[in-house]
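Take a look at the letters that make up each chain.
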Amino acid sequence: MTHDFPELPPKPVPPEIPDDSECCRSGCTPCVFDLHAEAMERYRAELKAWEEKIAALMQDDNVNMP
């Protein structure tokens, strides 16, 4: 028996890259680029978890993907 899949979880969105003009070049801690690097680490972890979840859903032969 097959069933319709209600909704795929939304794919994580990468954080926006700060513009060079957003850095004041005064050695702030944290710098906007440090914050972006941290956000990218979170994004990569979220993306990996999302990809694993989608792969698991695709393995289910009883699900009709939209």
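Residues numbered from 1 in each chain as written. Predicted model: local features only at pLDDT ≥ 70, side-chain atom pairs only at ≥ 80, totals over all residues. Heavy atoms only, no water.

A.B. asks: Summarise the overall build of the protein chain; cite the residues concerned and give the values.
C.D. replies: Looking only at helices and strands, the protein chain features one helix and two strands. Going residue by residue from the N terminus, the α and β elements of the protein chain occur as β-α-β. Contacts in the protein chain between residues far apart in sequence, at least 24 positions, make up 65% of those at least 6 positions apart. With an accessible surface of roughly 5,400 Å², the protein chain has 54% of that area assigned to carbon and sulfur atoms. (Helix = DSSP H or I, 4+ residues; strand = E, 2+ residues; numbered from the N terminus. Contact = heavy atoms within 4.5 Å. Areas by Shrake-Rupley, 256 points an atom, 1.4 Å probe, with all protein chains shown as cover.)

A.B. asks: A description of the environment of Glu38 should follow, citing residues and the corresponding values.
C.D. replies: Relative to the helices and strands, Glu38 is located in helix α1 (residues 32-59). Along the chain, Glu38 and Pro15 lie 23 residues apart, while their C-alpha atoms are 9.8 Å from each other.

A.B. asks: Quick one: what's the story with unusual backbone geometry, residue by residue and with numbers?
C.D. replies: Glycine aside, the phi torsion of most residues is negative, and most peptide linkages are trans. In this structure, the amide linkage connecting Thr29 to the following residue, Pro30, adopts the cis form with an omega of 0°. Residue placement: Pro30 occurs in the loop between β1 (3-4) and α1. Of note, the phi angle at Arg25 is positive, near 60°, even though the residue is not glycine. Using a relative accessible area of 56% as the deciding quantity, one classes Arg25 as exposed. (Buried < 20%, exposed > 50% of the residue type's maximum accessible area, 1.4 Å probe, protein only.)

A.B. asks: So what about the side chain of His36? Which residues, and what values?
C.D. replies: Of note, His36 is situated in helix α1. Of the residues examined, His36 reaches a relative accessible area of 16% and is grouped as buried. Once residues lying within four places of it in the same chain are set aside, the contact partners of His36 are Pro15, Glu16, Ile17 and Pro18.

A.B. asks: Tell me about a negative patch on the surface, residues and numbers included.
C.D. replies: Together, Glu16, Asp19, Asp20 and Glu22 make up a negatively charged patch on the protein surface. Residue placement: Glu22 occurs in the loop between β1 and α1. (Patch = residues over 30% accessible without salt bridge, like charges linked within 9 Å, V, L, I, M, F, W, Y side chains within 5 Å. Salt bridge = Lys/Arg side-chain N within 4 Å of Asp/Glu carboxyl O. Lys, Arg positive; Asp, Glu negative; His and termini not counted. Charge placed at Lys NZ, Arg CZ, Asp CG, Glu CD.)

A.B. asks: Residue-level account of the confidence of the model for the protein chain, with values.
C.D. replies: On average, residues of the protein chain score 86 in pLDDT, and 82% of them are at 70 or above. Here strand β2 (residues 63-64) stands out as the element of the protein chain with the lowest mean pLDDT, 55, in contrast to α1, whose mean of 93 is the highest. (pLDDT = per-residue confidence, 0-100.)

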